[in-house]
Amino acid sequence: MATVIRSPIVSPSTTTTCFPSSHNQPLLRLHFPQTSTQRRFYPKFTISCCQSEPETTRRRPPYIPNHIPDPSYVRIFDTTLRDGEQSPGASMTSKEKLDIARQLAKLGVDIIEAGFPAASKDDFEAVKMIAQEVGNAVDDHGYVPVICGLSRCNEKDIRTAWEAVKYAKRPRIHTFIATSAIHMEYKLRMSKEQVVDKARNMVKSDREFLYQILGEVIKAGATTLNIPDTVGITMPSEFGKLIADIKANTPGIENVIISTHCQNDLGLSTANTIEGAHAGARQLEVTINGIGERAGNASLEEVEEYTGLQLQPHKALVGANAFAHESGIHQDGMLKHKGTYEIISPEDIGLERSNEAGIVLGKLSGRHALRRRLEELGYELKDDQVETLFWRFKAVAEQKKRITDADLRALVSDEVFQAEPIWKLGDLQVTCGTLGLSTATVKLVGQDGSTRVACSVGTGPVDSAYKAIDLIVKEPITLLEYSMNAVTEGIDAIATTRVVIRGETSQTSTHALTGETVNRTFSGTGAGMDVVVSSVKAYIGAVNKMLGFKETSSAEKIPISVSKI
């Protein structure tokens, strides 16, 4: 498959500052030695996240859609809100997508692929909202991200994408078409000539055909060529050679930017992405947590509140064990100098070293201390959100001696990062054990303040509570996934629960690659020291997401103008 990207404007230069490591050394530097053969196609390649001198700054080169003046600069194209949302249960509301887009802009990513506008009314509105707000939020250095919308290679999709992204200062349309023999024969049912003609008009493949079609879309005005490893089957050496061959054989390639989009089916997405950059690609497509279709994509680290997809403890850099040292030899070295077994400090990426915390939060802590710590963790909350969170914090602090950063994150996720509440948990009472059926009585509070109560029996307290909620909501729901984790150690740990559900009458959307209509799945998370309460909150959160999407789907159709793109 080959994809092409068109960006209709040129933007001014911006600057970003690179902060030094606490060890006064580069945070990360990768150097790739070259053979004489490689030098023909591969430029000298070094990736550095930071310079060693504190006063050094790295200028962001001027944004020109089809050219990067600095040959060593690599654009970061984040597709969390489009490909990432294709992870089962990772559906996000428009508000959640906007919040994530704001954070990506704070991070400084060059391009945000905000979604697939033609997929549904809600997807269209989310992309439009991001284009209007994030796409016009210019920082003090003049930086503003490119806002991109995905479209299939047809006029209706492209017009829909343009209607959504046109409000951004730097809008972009990302359109794609399959070029592999199997896709052309069985999915598109088109000849090579028909595919070339369609790609030209719209602006594992046979190599000569790939060079031909890329050359044609360059002539038609494409500014970026995205080369994906769609099913994640390519080895790094093969993918690097593919990029090098495209650079060497595609007519007009010097006038565009090569981009990579690597799936992780064989666990090689990051390796293939780096190899693509080594070979000359200067835009890399990534997602937060590496989420995405099937096994996901190359990873841009790391958040999990909205998607609900938990990080494994041994995840590089951001996992719970990434800075944990149990070996006696390692502990001895860490006590003498932390640089002996840590390439970077956890504080450099916003993590707290548990035995070196400054302010210790407990039941006597006040609002100011809580707000200060939340700000240090990167949360910018409104006064009413802090007030609500404070009383949850005090309730937990009464039962725990010390509140950790992990506890705070769980509480923020549970109180702030939730869908608009159509239903809220009022009260819950369960009875369970070995002497009879488990029963649950649930009281939910609606948006208008009215209350509904239902009672049900089940195979356990969680099952009976979920069945009681179903009686109130009156929507056919299938529970697809249920998982629970302890945030910290000990019997007094906060439990976080994640569920994934699907409603029989829930909103559908169009799959970007296959064009099939698929039923959305919805995830919800809950947190609490009572595991049943945590489970019920997660279920209600998922139900609220589903009902919110259902209300949106009944809105009027997307208005599409006939203005020339």
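The residue numbering used here restarts from 1 in each chain and proceeds along that chain's sequence as written. Residues qualify for local features only when their pLDDT is at least 70, as the model is predicted, and side-chain atom pairs are given and counted only at 80 or more; totals for whole chains, interfaces and linings, by contrast, use all residues. Side-chain metrics rest on all non-hydrogen atoms present in the structure, leaving aside hydrogens and water.

Colleague: Got a minute to help me understand the overall build of the protein in this structure?
Modeller: The way it works is that DSSP assigns letters per residue, a run of H or I at least four long becomes a helix, a run of E at least two long becomes a strand, and they are numbered from the N terminus. For the protein, the helix and strand inventory stands at 15 helices and 21 strands. Counting only residues that meet the buried cut, the protein has 49% of its 565 residues in that class. Looking at the protein as shown, the accessible area adds up to about 26800 Å², and 54% of this sits on carbon and sulfur atoms. Three labels apply to residues, based on accessible area from a 1.4 Å probe with only protein chains included: buried if under 20% of the type maximum, exposed if over 50%, partly exposed otherwise in between. Each accessible area value is a Shrake-Rupley result obtained with a 1.4 Å probe; residue values ignore everything except the protein chains displayed when judging cover.

Colleague: Just to check I follow, could you spell out the pattern of salt bridges for this structure?
Modeller: For side chains bearing opposite charge, pairing can occur when the charged atoms are close. We count a salt bridge whenever a side-chain nitrogen from Lys or Arg sits within 4 Å of a carboxyl oxygen from Asp or Glu. What the rule picks out here adds up to 23 salt bridges. D99 is paired through a salt bridge with K95; the nearest N and O atoms lie 3.1 Å apart. Here D99 pairs with K95, and both are found in helix α2 (residues 94–107), just four residues apart, close to one helical turn. Residue classification places D99 among the buried positions, given a relative accessible area of 17%. Here K95 falls in the partly exposed class, since its relative accessible area comes to 39%. K241 is the salt-bridge partner of D245, the closest N and O atoms lying 2.9 Å from each other. With D245 and K241 both in helix α8 (residues 236–249), this residue pair falls four residues apart, about one helical turn. Put simply, K95, D99, R102 and E133 are held in one network by salt bridges that share partners.

Colleague: Quick question: what am I supposed to make of the sheet that holds strand β21 (residues 522–528) here?
Modeller: Whether parallel or antiparallel, the strands of a sheet pair through hydrogen bonds between backbone atoms. In space, the three strands of this open sheet follow the order β17-β18-β21, with antiparallel pairing throughout. Here the strands that pair on one side only, and so sit at the sheet edges, are β17 (477–486) and β21. This sheet shows a mean twist of 20° between the axes of neighbouring strands, independent of strand direction. The pairing criterion is simple: DSSP has to find at least two bridges between the two strands. To obtain each axis, a line is fitted to C-alpha atoms, and for helices this fit is confined to the stretch in contact; angles are then taken between N-to-C directions over 0 to 180 degrees.

Colleague: Help me understand unusual backbone geometry in this model?
Modeller: Glycine aside, residues mostly have negative phi angles, and peptide bonds mostly take the trans form. Of note, R294 is a non-glycine position whose phi angle comes to about 55°, a positive value. Inspection of the secondary structure assignment puts R294 in the loop between β12 (283–288) and β13 (299–300). Of the residues examined, R294 reaches a relative accessible area of 43% and is grouped as partly exposed.

Colleague: Would you take a moment to explain helix α3 (residues 121–133) for this structure?
Modeller: A helix is expected to span 1.5 Å multiplied by its residue count minus one. Here α3 contains 13 residues, and its C-alpha end-to-end distance of 18 Å stays within 8% of the 18 Å for a straight helix at 1.5 Å per residue. Turning to α3, its buried residues are K121, D122, D123, F124, A126, V127, I130 and A131.

Colleague: What is the right way to look at the packing of helix α12 (residues 383–397) against helix α13 (residues 405–415) in this model?
Modeller: Two measures define how a pair of helices packs: the angle their axes make with one another and the distance between the axes. α13 packs onto α12 with a crossing angle of 135° between their chain directions and a minimal axis gap of 10 Å. The orientation of α12 relative to α13 falls into the category oblique. As for how α12 packs across α13, the hand of that crossing is right-handed. Contact residues: T388, L389, R392, F393 and V396 in α12; L408, L411, V412, D414 and E415 in α13. Amino acid classes used here: Ala, Val, Leu, Ile, Met, Phe, Trp, Tyr, Cys and Pro are nonpolar; Asp, Glu, Lys and Arg are charged; the rest, including Gly, are polar. Of the residues that constitute the contact of α12 with α13, the class distribution is six nonpolar, one polar and three charged. By the definition adopted for this analysis, an angle is roughly parallel if under 35 degrees, roughly antiparallel if over 145, roughly perpendicular if from 65 to 115, and oblique otherwise. In this scheme, a crossing is called left-handed if the near helix is turned counterclockwise away from the far one by less than a right angle; it is called right-handed if the turn is clockwise. Whether two residues are in contact is decided by their heavy atoms: any pair within 4.5 Å suffices.

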